[in-house]
Amino acid sequence: MIPKAKGGERALGIPTVADRVAQMVVKNRLEPLMDPLFHPNSFGYRPGKSALEAVGWARQRCWSFDWVCDLDIKHFFDNLDHDLLLKAVRKHAKEKWIVLYIERWLKAPAQDEEGNLTARERGTPQGGVISPLLANLFLHYTFDRWMLKKWKHLPFERYADDIIVHCRAEWEANLVRAGVEKRLRECGLELHSEKTRLVYCKDSNRQEGHPHEKFDFLGFTFRPRKATTRRGGLFCSFSPAISNDAAGKIRDEIRRWKLHLRTAESIAELAKEINPKLRGWFNYYGRFNPSVLRPIERHIGQSLVRWACRKYKTLFHHRTRAWAWLLRVVNRQPNLLALWEQQRCAVSTIGAV
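Residues numbered from 1 in each chain as written. Predicted model: local features only at pLDDT ≥ 70, side-chain atom pairs only at ≥ 80, totals over all residues. Heavy atoms only, no water.

Describing the packing of helix H3 (residues 82–92) against helix H5 (residues 131–150)
Definition in use: Axis lines are fitted to C-alpha atoms, over the contacting stretch for helices. Their N-to-C directions set the angle, which ranges from 0 to 180 degrees. Numbering goes from the N terminus for both helices and strands, where a helix is a DSSP run of H or I of at least four residues and a strand is a run of E of at least two. Put simply, angles under 35 degrees are roughly parallel, angles over 145 are roughly antiparallel, angles from 65 to 115 are roughly perpendicular, and the rest are oblique. Note on contacts: a residue pair is in contact if any heavy atoms of the two residues lie within 4.5 Å. Classification used: nonpolar for Ala, Val, Leu, Ile, Met, Phe, Trp, Tyr, Cys and Pro, charged for Asp, Glu, Lys and Arg, polar for all others including Gly.
One way to put it is that H3 packs onto H5 with a least axis distance of 10 Å and a crossing angle of 95 degrees. One way to sum up the angle between H3 and H5 is to call them roughly perpendicular. Of the residues in H5, those in contact with Leu84, Leu85, Ala88, Val89, Lys91 and His92 of H3 are Leu134, Leu137, Phe138 and Tyr141. A per-class count over the contact of H3 with H5 returns eight nonpolar, one polar and one charged.

A few points about the sheet that holds strand S9 (residues 215–217)
To keep things clear, this is the line we draw: Whether two strands pair comes down to DSSP finding at least two bridges between them.
Taken together, three strands build an open sheet; the order of strands is S9-S10-S11 and the sheet is antiparallel. The strands lining the two open edges of the sheet, one partner per strand, are S9 and strand S11 (234–242). Pairwise comparison of adjacent strand axes, ignoring direction, gives a mean angle of 50 degrees for this sheet. Direction of pairing for strand S10 (residues 220–228) relative to S11: antiparallel, over a ladder of nine bridges. Across the sheet, the residue bridging to Arg225 is Ser237, located in S11.

Here's the deal with the sheet that holds strand S8 (residues 197–200)
Strand order in this open sheet of four strands is S6-S7-S3-S8, and the pairing throughout is antiparallel. Only two strands of the sheet have a single partner each, and these edge strands are strand S6 (156–159) and S8. Averaged over neighbouring strand pairs, the angle between their axes works out to 15 degrees when direction is ignored. Direction of pairing for S6 relative to strand S7 (residues 162–167): antiparallel, over a ladder of four bridges.

Observations regarding the side chain of Glu253
Just so we agree on the cut-off: As used in this structure description, the phrase polar contact means that two N or O atoms lie within 3.5 Å; if the pair is within protein, one of them must be able to donate a hydrogen and the other to accept it, and residues adjacent in sequence are counted only when both atoms belong to side chains.
Here Glu253 lies in helix H7 (residues 244–257). Among the polar contacts made by the side chain of Glu253, one reaches the side chain of Lys277 at a distance of 3.2 Å. If sequence neighbours within four positions are ignored, Glu253 has contacts with Lys277 and Trp281.

Topic: the nonpolar core
Counted only if it meets this: The nonpolar core is taken to be a set of buried Ala, Val, Leu, Ile, Met, Phe, Trp, Tyr and Cys residues, with the residues joined through side-chain atoms within 4.5 Å. Only protein chains enter the accessibility calculation, which uses a 1.4 Å probe; a residue is then buried when its area is under 20% of its type maximum, exposed when over 50%, and partly exposed in between.
Residues Phe215, Phe217, Phe222, Leu278, Ile296 and Trp340 are the most contacted members of the largest nonpolar core, which totals 54 residues. No other element matches the eight residues that helix H8 (residues 267–285) contributes to this core. For Phe215, the residues in contact, after removing those within four places along its chain, are Cys62, Val68, Asp70, Ile164, Val199, Phe220, Thr221, Phe222 and Phe238. Core analysis: the next-biggest nonpolar cluster, separate from the first, contains 48 residues, Phe38, Cys69, Leu154 and Ile163 among them.

Here we look at the layout of surface pockets
Cut-off, in case you're wondering: Throughout, the protein atoms alone are placed on a 1 Å grid, and a set of points is a cavity if a 1.4 Å probe fits but cannot get out or a pocket if it is open with protein on both sides within 12 Å along at least five of seven lines; lining residues have an atom within 4 Å of a point. Grid points are joined across faces, edges and corners, and a volume is the space filled by probe spheres set on the points.
The computed volume of the second largest pocket comes to approximately 870 Å³. What lines the second largest pocket is a set of 34 residues, and nearest its centre among them are Gly13, Ile14, Ala110, Gln111 and Arg120. Elements represented by at least two residues in the lining of the second largest pocket include exactly helix H1 (17–34), helix H4 (96–107), strand S4 (110–111) and H5. The element that contributes the greatest number of residues to the lining of the second largest pocket is H4, accounting for three residues. Taken together, the residues that form the lining of the second largest pocket break down as 16 nonpolar, 11 polar and seven charged.

Some points on the packing of aromatic side chains
The relation between two aromatic rings is expressed through the spacing of the ring centres and the mutual angle of the planes. Put simply, the rule is: For Phe, Tyr and Trp, rings pair up if their centres lie within 6.5 Å, where Trp contributes its six-membered ring, and each pair is then called stacked (planes under 30 degrees apart), edge-to-face (over 60) or tilted (otherwise). Either the NZ atom of lysine or the CZ atom of arginine qualifies as a charge over a ring when it sits within 6 Å of the ring centre and within 35 degrees of the ring normal.
One pass over the full model with this rule turns up 16 aromatic pairs. Summarising the aromatic geometry, the rings of Phe215 and Phe222 are spaced 4.7 Å apart at their centres and angled 5 degrees between planes, so their arrangement reads as stacked. Put simply, the rings of Phe220, Tyr284, Tyr285 and Phe288 touch in pairs and so form one group of aromatic residues. Across from the ring centre of Tyr101, 5.8 Å away, lies the NZ or CZ of Arg104, which sits over that ring.

Dropping the structure here:
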């Protein structure tokens, strides 16, 4: 069991080593056959596709379409219909042994930490090597192909079971929601009534009011934001930036590092250890509206200042002097920390003094 971002727990089904190897063999056989058939707007767990690409397309389409239908499927991985899924597998897998193994993996009972076995009649376990491919195959027929038939003129982005559909008007978004809800019910799935919502993409050209004017997608919050034109003017743009939940998780992890207590290490040793994490965060969340990351930069800077105050006697209880020391380090070694490579740290740390 692992904690969910907004409370509760999610069960991961981890295959045995032998099954992981076997699932990878099957995945490598099926993926080259299935992936070319998948919709171009399906971005999750596919070679050559990425979450950032999905966010980029969503941003661009929000500028062209006034409304978004933000869809949330309730317990998707736990409720996949085995019969429908195996029917789709048989259509693409020519070897009978592949179908046999997939059926065994789907129906294999789950063993908890105490050794108790639980029968599985629906769903595919999150944590399995083959599960993302099976999930994409199921939603390819359940949602993607259905959208092409029913709402071909409306674009969407789907990352596994995270889906947003772009609509021209509120009445159209309501029709899409009702249609998707009916379609999912036919396939044994259910929309989450509280998390599924219609969102108005408000910007300088759209001034109507609506209770929902923002939505989260893949760690980014889309909402109206101040933006600058090429000539320096200001306008309102509906665009993405790191979500509060994602930023909070990052700050929590930085706190768990307890950098201020690791005075036996040099700043170069600390940098070597934390740089992979920093580089990953800033390369992902810094793609859109990177200025929103400045509070995180300040948080890291404050941790390093506390570290310096404990490590060097001359800086003890002198935070202002410690900030000045840190800025000198930035100037001498601008590539020491991954966030300094972004050339934003100096501005952020000065603002925190």
